Amino acid sequence: MSDHEVETFESADAGASLTYPQQAGTVRKNGYIVISGRPCKVVDVSTSKTGKHGHAKCNFVAIDIFTSKKYEEMAPSSHNVEVPNISRKEYTVIDITDEGIVSLMDEAGNTRDDLFLPKGTDEAEKLAEIIKENWSNDKEMAVTVIKSMNEETISSVKVINETAK
């Protein structure tokens, strides 16, 4: 590099990683793991004995937190596996459009209009129906949005108060 070249680094986030490493032997049931590039919740872990090459193996059965698809992974218990960074945030529902776009407001009063009603799985469809039914009955709702690996969806809903607006 010559003296007049300036190297610039641009980043939109705080440098937080989508995943972090964790030793496979320490991942437990109801924990999270990345399998095939997807964030998954572990539903079963079984550990085999050390073999002739000296590594115990962990067999993970996990379900994708967004698509509910089942994944399996086997890794030596002493090796690292990727664990997704997962964040949950609660919002108040302020509007639902005919196209299924949900307008949300956080505690600070910031609004966002970039999420759709949940869809893709039976569970998500039921959640979307509950949200639409509560909205048509003028019930005030809070939804929990789960975010991991640049994907986010509404994961749960609760009615704040039963009175009409």
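Taking an unreviewed UniProt entry as the reference, the protein is identified by name as Eukaryotic translation initiation factor 5A belonging to Volvox africanus. Reading the Sequence similarities (unreviewed entry) entry of the UniProt record for the protein gives the comment "Belongs to the eIF-5A family."

K.L.:
Would you take a moment to explain the side chain of arginine 38 for this structure?
P.N.:
Turning to its location among the elements, arginine 38 is positioned in strand β3 (residues 38–47). Note on arginine 38: relative accessible area 19%, which makes it buried. For arginine 38, the side chain forms a polar contact with the side chain of glutamate 151, separated by 2.5 Å. Non-local contacts of arginine 38, meaning those with residues more than four positions away in its chain, are made with Ile33, Asp64, Phe66, Thr67, Tyr71, Met149 and Glu151.

K.L.:
Can you help me understand the layout of surface pockets in this one?
P.N.:
Leftover empty space is mapped by rolling, across the atoms, a probe with the size of a water molecule. Looking at the largest pocket, its volume works out to about 610 Å³. Counting only elements with at least two residues in the lining of the largest pocket, the list comes to β3, β4 (57–64), α1 (122–136) and β11 (151–161). When the residues that make up the lining of the largest pocket are grouped by side-chain class, the tally is 12 nonpolar, five polar and eight charged.

K.L.:
How do you make sense of the pattern of salt bridges when you look at a structure like this?
P.N.:
Side chains that differ in sign of charge can pair as their charged atoms come close. Taken as a whole, this structure holds seven salt bridges when the rule is applied. Among the salt bridges present, the one from arginine 38 reaches aspartate 64, with a minimum N-O distance of 2.6 Å. One end of the pair, arginine 38, is in strand β3; the other, aspartate 64, is in strand β4, and 26 residues separate them in sequence. Here aspartate 106 ties to lysine 89 by a salt bridge, and the two come within 3.4 Å at their closest N and O atoms. You can see aspartate 106 sitting in the loop between β8 (101–105) and β9 (111–116) and its partner lysine 89 sitting in strand β7 (residues 86–96), a full 17 residues away along the chain. Judged by its relative accessible area of 11%, aspartate 106 falls in the buried class. Here the salt bridges do not stand alone but share partners, grouping Arg38, Asp64 and Glu151 into one network.

Calculation criteria
- Residues numbered from 1 in each chain as written.
- Predicted model: local features only at pLDDT ≥ 70, side-chain atom pairs only at ≥ 80, totals over all residues.
- Heavy atoms only, no water.
- UniProt positions renumbered as here; feature names shortened; annotations may be inferred.
- Helix = DSSP H or I, 4+ residues; strand = E, 2+ residues; numbered from the N terminus.
- Buried < 20%, exposed > 50% of the residue type's maximum accessible area, 1.4 Å probe, protein only.
- Polar contact = N/O pair within 3.5 Å; in protein donor to acceptor, adjacent residues only side chain to side chain.
- Contact = heavy atoms within 4.5 Å.
- 1 Å grid on protein atoms, 1.4 Å probe; cavity = no way out; pocket = protein on both sides within 12 Å on 5 of 7 lines; lining within 4 Å.
- Points joined across faces, edges and corners; volume = space filled by probe spheres on them.
- Nonpolar A, V, L, I, M, F, W, Y, C, P; charged D, E, K, R; others polar.
- Salt bridge = Lys/Arg side-chain N within 4 Å of Asp/Glu carboxyl O.

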